[in-house]
Amino acid sequence: MYRTALRNVLAHKARLLMTVLAVLLGTAFVAGTLVFTDTLGSALKSQNARSFTGIAVSVSDDGAVSNGYAHGLQKGVTAHLTEQTRQAVAALPGAAEARGVVGGFAGIADRRGKLIGDGFSTTGTNYVPGPDGDDSRYPLAAGRGPVGSGEVALDTRTAERGGYRVGDTVRVAVNGPVMQLKLVGLLHVNDPRVTAGGSLAAFDTATAQRLYLTPGQFNELDVAARPGTDDQVLLGRVQQVLPAGGEFTAQTGRQLQAQQDQAITVATRSLSSMLLVFAGISLFVGIFIIANTFTMLVAQRTRELALLRAIGASRRQITRSVLVEALLVGLFASVGGLLAGTGVAAGLRWVLNGPGQANLPDGPLIVSPTTVLTALAVGVLVTVLAAWLPARRAARIAPVAAMSSVELPATQKSLVIRNTIGALIAAAGTALLVLGSGSKSTNTVGAGAGVLLVGVFVLTPLLSRPLIALLAPVFQKLYGSPGKLARENALRNPRRTAATASALTIGVTLITALTVVGASVNKAVDQAAGTDLKADYTVAMQNFAQLDDQVAPQIAGAPGVAASSVLRQVPVQSGDQTRWIAGVNPDSIGQLATLTPTAGAGDALTKGQLLVTRGYADSEAVKVGDTLAVTYPDGSSASLTVGGVVADNSVLSGLIAPDALLAPHSAGQGPDKVLVKGVHGADPALRQALQDATGGNPLIAVKGQDDLRKENRQMLSAALNIMYGLLGMSVVIAVLGVVNTMAMSVFERRREIGMLRAVGLDRRGVRRMVRLESLLIALLGGVLGVGLGVLTAWAGNRTIAGDFKQLTTVVPPLPMLGFVAAAALVGLLAAVWPARRAARLDVLESIKAG
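Because the structure is predicted, anything quoted here is derived from the model rather than measured. (Residues numbered from 1 in each chain as written. Predicted model: local features only at pLDDT ≥ 70, side-chain atom pairs only at ≥ 80, totals over all residues. Heavy atoms only, no water.)

## Observations regarding the nonpolar core
Step number 1: Judged by nonpolar contacts, the single largest core of 61 residues is most densely connected at I506, I753 and V770.
Step number 2: The biggest single contributor to this core is helix α24 (residues 763-799), with 11 residues.
Step number 3: Discounting residues that sit within four places of it in the chain, V770 has contacts with M742, V746, A831, P834, A835 and A838.
Step number 4: Ranked by size, the runner-up nonpolar core spans 38 residues in total, among them L92, M179, L181 and F218. (Core = buried A, V, L, I, M, F, W, Y, C linked by side-chain atoms within 4.5 Å. Buried < 20%, exposed > 50% of the residue type's maximum accessible area, 1.4 Å probe, protein only. Helix = DSSP H or I, 4+ residues; strand = E, 2+ residues; numbered from the N terminus. Contact = heavy atoms within 4.5 Å.)

## As for helix α23 (residues 750-758)
Step number 1: Among all positions of α23, only I753, G754, L756 and R757 are buried. Taken down its axis, α23 places every buried residue within 160° of arc, on the same side.
Step number 2: G760, located one to two residues past α23, shows a positive phi value of around 125°. (Arc of directions from axis to C-beta.)

## Quick notes on helix α15 (residues 481-492)
Step number 1: The first and last C-alpha atoms of α15 sit 16 Å apart over 12 residues, in line with the 16 Å expected at 1.5 Å per residue.
Step number 2: Every buried residue belonging to α15 is among P482, G483, L485, A486, N489, A490 and L491, and all of these are buried.
Step number 3: Where the residues of α15 are buried, they touch α14 (442-479), α16 (494-532), α23 and α24. (Expected span 1.5 Å × (residues − 1).)

## Notes on the confidence of the model for the protein
In low-pLDDT regions, the fine details of the predicted coordinates are not to be read closely.
Step number 1: Looking at the protein, pLDDT values average 85 and 92% of them are 70 or higher.
Step number 2: In this model, residues 68-77 is a region of pLDDT below 50 whose contacts with residues beyond four sequence positions or in other chains number 32 contacts. (pLDDT = per-residue confidence, 0-100.)

## Focus on a positive patch on the surface
Step number 1: A surface patch of positive charge is lined by R315, R392, R393 and R396.
Step number 2: Mapped onto the secondary structure, R396 falls in helix α11 (residues 369-396). (Patch = residues over 30% accessible without salt bridge, like charges linked within 9 Å, V, L, I, M, F, W, Y side chains within 5 Å. Areas by Shrake-Rupley, 256 points an atom, 1.4 Å probe, with all protein chains shown as cover. Salt bridge = Lys/Arg side-chain N within 4 Å of Asp/Glu carboxyl O. Lys, Arg positive; Asp, Glu negative; His and termini not counted. Charge placed at Lys NZ, Arg CZ, Asp CG, Glu CD.)

## Some words on the packing of aromatic side chains
Step number 1: Summed over the entire model, instances satisfying the criterion amount to 5 aromatic pairs.
Step number 2: Taking the centre distance of 6.4 Å and the plane angle of 65° together, the rings of F203 and Y212 count as edge-to-face.
Step number 3: Given the relative accessible area of 0%, F203 is considered buried.
Step number 4: Arranged with centres 5.5 Å apart and planes meeting at 80°, the rings of F284 and F288 form a pair that is edge-to-face. One end of the pair is F284 and the other is F288, both in helix α8 (residues 253-300) and 4 residues apart, which spans about a single turn. (Phe/Tyr/Trp six-rings, centres within 6.5 Å; stacked < 30°, edge-to-face > 60°.)

## Observations concerning the pattern of salt bridges
Step number 1: On inspection of all chains with the given rule, the structure shows 18 salt bridges.
Step number 2: With its nearest N and O atoms 3.9 Å apart, the salt bridge here joins E620 to R579. Pair noted here: E620 is in helix α19 (residues 614-620) and R579 is in strand β19 (residues 577-584), with a separation of 41 residues, a long-range link.
Step number 3: Assessed through its relative accessible area of 30%, E620 is described here as partly exposed.
Step number 4: For R579, a relative accessible area of 10% translates into the label buried.

## Describing the side chain of D110
Step number 1: Among the secondary structure elements, D110 is positioned in the loop between β7 (107-108) and β8 (122-126).
Step number 2: Judged by its relative accessible area of 13%, D110 falls in the buried class.
Step number 3: Among the polar contacts listed, one links the side chain of D110 to the backbone nitrogen of R112, at a separation of 2.9 Å.
Step number 4: The contacts of D110, once residues within four sequence positions are left out, are I116, G162 and Y164. (Polar contact = N/O pair within 3.5 Å; in protein donor to acceptor, adjacent residues only side chain to side chain.)

## Notes on the pairing of strand β11 (residues 169-173)
Step number 1: Inspection of the sheet shows β7 paired to β11 by 2 bridges, in the antiparallel sense. Counted as the bridge partner of G107 is A173 from β11.
Step number 2: Two strands pair when backbone bridges link them, and β11 and strand β12 (residues 179-187) are joined in this way by 4 bridges, in the antiparallel orientation. When the bridges of β12 are listed, V170 appears paired with L181. (Pairing = 2+ DSSP bridges.)

## Focus on the packing of α16 against helix α25 (residues 813-830)
Step number 1: Taken N-terminus to C-terminus, the directions of α16 and α25 make an angle of 165°; their axes are 11 Å apart at the nearest point. Overall, the two elements α16 and α25 adopt an arrangement that is roughly antiparallel. The two elements α16 and α25 meet at a crossing, and its hand is right-handed. Mapping the contact onto sequence places L504, I511, T512, T515 and V516 in α16 and P815, M816, F819 and A823 in α25. (Axes fitted to C-alpha atoms, helices over the stretch in contact; angles between N-to-C directions. Parallel < 35°, antiparallel > 145°, perpendicular 65-115°, else oblique. Left-handed = near helix turned anticlockwise from the far one by under 90°.)

## A closer look at the sheet that holds strand β1 (residues 57-61)
Step number 1: Ordered in space as β5-β15-β1-β16, the 4 strands form an open sheet in which the pairing is antiparallel. The outermost strands of the open sheet, each flanked by one partner alone, are β5 (95-101) and β16 (248-252). Put simply, the sheet's adjacent strands are angled 15° from each other on average, direction ignored.
Step number 2: One ladder, built from 6 bridges, connects β5 with strand β15 (residues 220-225); its direction is antiparallel. Looking at β15, one finds that A98 is bridged to V223.
Step number 3: Each of β5 and β15 touches helix α3 (residues 83-90); the most contacted strand, β5, lies at about 160° to it.

Structure, rendered in structure tokens:
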């Protein structure tokens, strides 16, 4: 029987081709994901290890303020890492050097004034020369290190992107006015934030301290050990000389490296898990193709299988024979998928290292034994499991009945049982969807969508009849006999039609759900921006850092400004809970944002009291008249009274207070943004005036309401496009399934096609018949997918309604029609080769083959 299985695989190579491709593509997705993430993680860890070379102990100041960012509430912390502390650490026994590090962000403008690099990775630091005049962290590529307040050094890639050379004047800014600095050096950098598309600006230590901290203060001390000194021993000595009253974290370089390695592992695993979800979807789609293929092969070989039964083969041997065929197919496809996935991972790394891309760190391609075993096991297991039911059906065919017919139709009893089971599963899935949408449980909605999808798959043979019947009259009227034949062929074996359509349904369902959710969120955000935000422009840092306190008065004094207000988020301690309070200008905030009173006094802010949004008041059990005892970031305390409650607002949420009450106690935290209303509304002159008022800082963005809407849409569109791309593999596999079904159907119906040709159906009619049958199957999958996708999106929207004001389910008609049309196009394209093959069959040979 094993030899028979091998012979059957070799004899049906062409008919197994699409199955092999489906398994190969799914396995390649799995293998490529594992190889790429393993390679990326290994390279990042190697780069991380190089960045900790020579660091025995590292001390960070958790209470330091950098670029207006306070690392947590200060709670009266006064002790910091100072030059005196650095000298004390450097003098310890076993310490070779103690480097004081200052860090923050620094935006670098190109020659057109635009920001170079990603705003979130614009790094600024101090250049600390050693005895040889070089900073070991940043080897010089050209020039020298900065030594004065008017000098700066850049990483080589940033200088190249900006078109700068040593000696040029560079425009650099943090959260305030732009500085004109002389470029004195180019640096090689291992920092992944920089190599992945960011930028690095290095200043002398005094300048960096002035920009980011206070003179003589450091964010971090990196201590190098003398030869023979144990890191743990040195760590103990360092901890003893740290000043009392500060918040410091001291650990060895190995410990810090291990922590960052762990963070890299978590990040790469998260990426791997996300990609493997989509790989799993592709493999799930492949199951339908595999099952369909083996079902049709078994049907086409019923006489052969019956003969084996007649000469003594048991049912178990027949089942094993089919499963061995599946195992051989899965093993061959998995090996191909492993090789293809490895190639894809190598190609992806090459693409990402191309011009203008992420520039991933160098490292070898990692193909671990776990990856090899996983890829092979997944491919083989999926193929064998998908072939199990066809194998069982093959074993149940009685020898005499099998030799008397090519394929026995499904009995009425089996269809009734299938429809009953499908209805129960679909009902359970629908119940879970409704339950999850009511309880706002994303997990329950996800489970319900999956169960409903399975139920619909089981019911598809029943659902196919009315859906195909709707289109049949149109096809018959337009195309005559080929249209009628296509309908009859599609309904002849409803299980086969259902399995083929279901593979396409999965991809269409997910794409439709994502599209509907995206359209719904876009509409909600647009509505909120139009009703909640009255300001013409919003001024904020591109990396969401805080603005310098000087920016707000500069903007208020700009020509064309009618009203402006800061929006400053300040954390306060209230009992054992940390709360955030938004500081605004009481006199102008009403002109910049919609604050609709629902309880208490609408003018509470002008009285020095708090306003609370309705959602926050309900969730935190806060009401008008309540008093909150708070501790500010600078350690001072106060009692704040709730004077009013306002409707939920997308611009302001939670606790709102006069900024004059918060700013003196914010411990140096600047405004998050400034809202601006123009005398003549939003016009180009006002935008330019605001840009001029901020000194042309490339990190500061001036955005109007249209800009904010466009930005939100672009962010959502980018996320959706990634999802669409990852789901593309499942759609490709579904297309292979349609091609496979039609091709094998043509082979199976050779005699029928020959008879049709003999009674007058020409080659064009045969091609049209096959194409229309494929079109019906694809339309069935597309219509079911759109319907299931809309239902899933509705339930999903209910779970996130609390995060978006006035969120309703929006079903964009054009994309929905586009998905159905795309499914139809897939059906037509998938039938091109099978239709040509059917039309070229020799009439006499086809009749004889039956």
